[in-house]
Amino acid sequence: MCSALEQALKAQSLGEVPVGAIIVQNEKIIGRGYNCPITTRDPTAHAEVMALRDSARYLNNYRLPDCTLYVTLEPCIMCIGALFHARIKRLVYAAADPKTGVCGSVIDLPAETRLNHHMQVEGGILANEAGMLLKHFFAQRRKI
């Protein structure tokens, strides 16, 4: 999760919401990403999607079974859908997102048994650190 927090700091340095993600396979980081929808003018450029793209290029495959995604904020509906399609085995997130989180905060899509893919989900890892980064970012934005 510390590497995902480093990615979040990259997003923050660009004026983006500080969310970062990494993907690990066999204890090796194979993909990294951070939020950049503003700078890329791409609404899909969330940290998770960027890490998925990086990992898919690395593995030369759009499927990422046996991989774990670590992200600093609970995924939104778009990102969890991308994780399902990539067949991510495990998701670990830091801070919960009470407004758009779909791993238990607003709804719990990974727990939906009618969907065709299921993954292990664990939340709250370094939640305080990730949460403080987000709180500080938005407090600064409100001052502007």
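No experiment lies behind these values; they were computed from the predicted model shown. (Residues numbered from 1 in each chain as written. Predicted model: local features only at pLDDT ≥ 70, side-chain atom pairs only at ≥ 80, totals over all residues. Heavy atoms only, no water.)

A. Layout of helix α5 (residues 127-143). For α5, spanning 17 residues, the distance from its first C-alpha to its last is 24 Å, which sits close to the expected 24 Å at 1.5 Å a residue. All buried positions along α5 are accounted for by Ala130, Gly131, Leu133, Leu134 and Phe137. End-on view of α5: buried residues confined to an arc of 155°, all on one side of the axis. The exposed residues of α5 that point more than 90 degrees off its buried face are Asn128, Met132, Lys135, Arg142 and Lys143. Packed against the buried residues of α5 are α1 (2-13), β3 (68-73) and β4 (90-95). (Helix = DSSP H or I, 4+ residues; strand = E, 2+ residues; numbered from the N terminus. Expected span 1.5 Å × (residues − 1). Buried < 20%, exposed > 50% of the residue type's maximum accessible area, 1.4 Å probe, protein only. Arc of directions from axis to C-beta. Contact = heavy atoms within 4.5 Å.)

B. Spotlight on the side chain of His117. With respect to the element layout, His117 can be found in the loop between β4 and β5 (120-123). What makes His117 buried here is its relative accessible area of 11%. A polar contact of 2.8 Å, which involves the side chain of His117, links it to the backbone oxygen of Ile88. (Polar contact = N/O pair within 3.5 Å; in protein donor to acceptor, adjacent residues only side chain to side chain.)

C. Quick peek at the nonpolar core. With 35 residues, the main nonpolar core has Ile23, Ile80, Leu83, Ile88 and Leu91 as its most contacted residues. Those elements that place two or more of their residues in this core are α1, β1 (20-25), α3 (47-59), β3, α4 (77-86), β4 and α5. Looking at this core, the element that brings in the most residues is β4, giving five residues. Setting aside residues up to four positions removed in sequence, Leu83 forms contacts with Leu52, Leu69, Pro75, Ile88, Leu91, His117 and Met119. (Core = buried A, V, L, I, M, F, W, Y, C linked by side-chain atoms within 4.5 Å.)

D. Spatial organisation of the pattern of salt bridges. Evaluated as defined, the whole model comprises four salt bridges. The shortest N-O distance in the salt bridge between Asp42 and Arg53 comes to 3.6 Å. Here Arg53 lies in helix α3 and Asp42 lies in the loop between α2 (37-40) and α3, a separation of 11 residues in the sequence. Asp42 sits in the partly exposed class, given a relative accessible area of 22%. For the salt bridge of Arg57 with Asp54, the shortest nitrogen-to-oxygen distance reads 3.8 Å. (Salt bridge = Lys/Arg side-chain N within 4 Å of Asp/Glu carboxyl O.)

E. Up close: the environment of Thr100. Residue placement: Thr100 occurs in the loop between β4 and β5. Take Thr100: its relative accessible area is 42%, and that puts it in the partly exposed class. Between the C-alpha atom of Thr100 and that of Leu52, which follows or precedes it by 48 residues, the distance is 20 Å. Residues contacting Thr100, with those up to four places away along its chain left out, are Pro75, Cys76, Ile77 and Val106.

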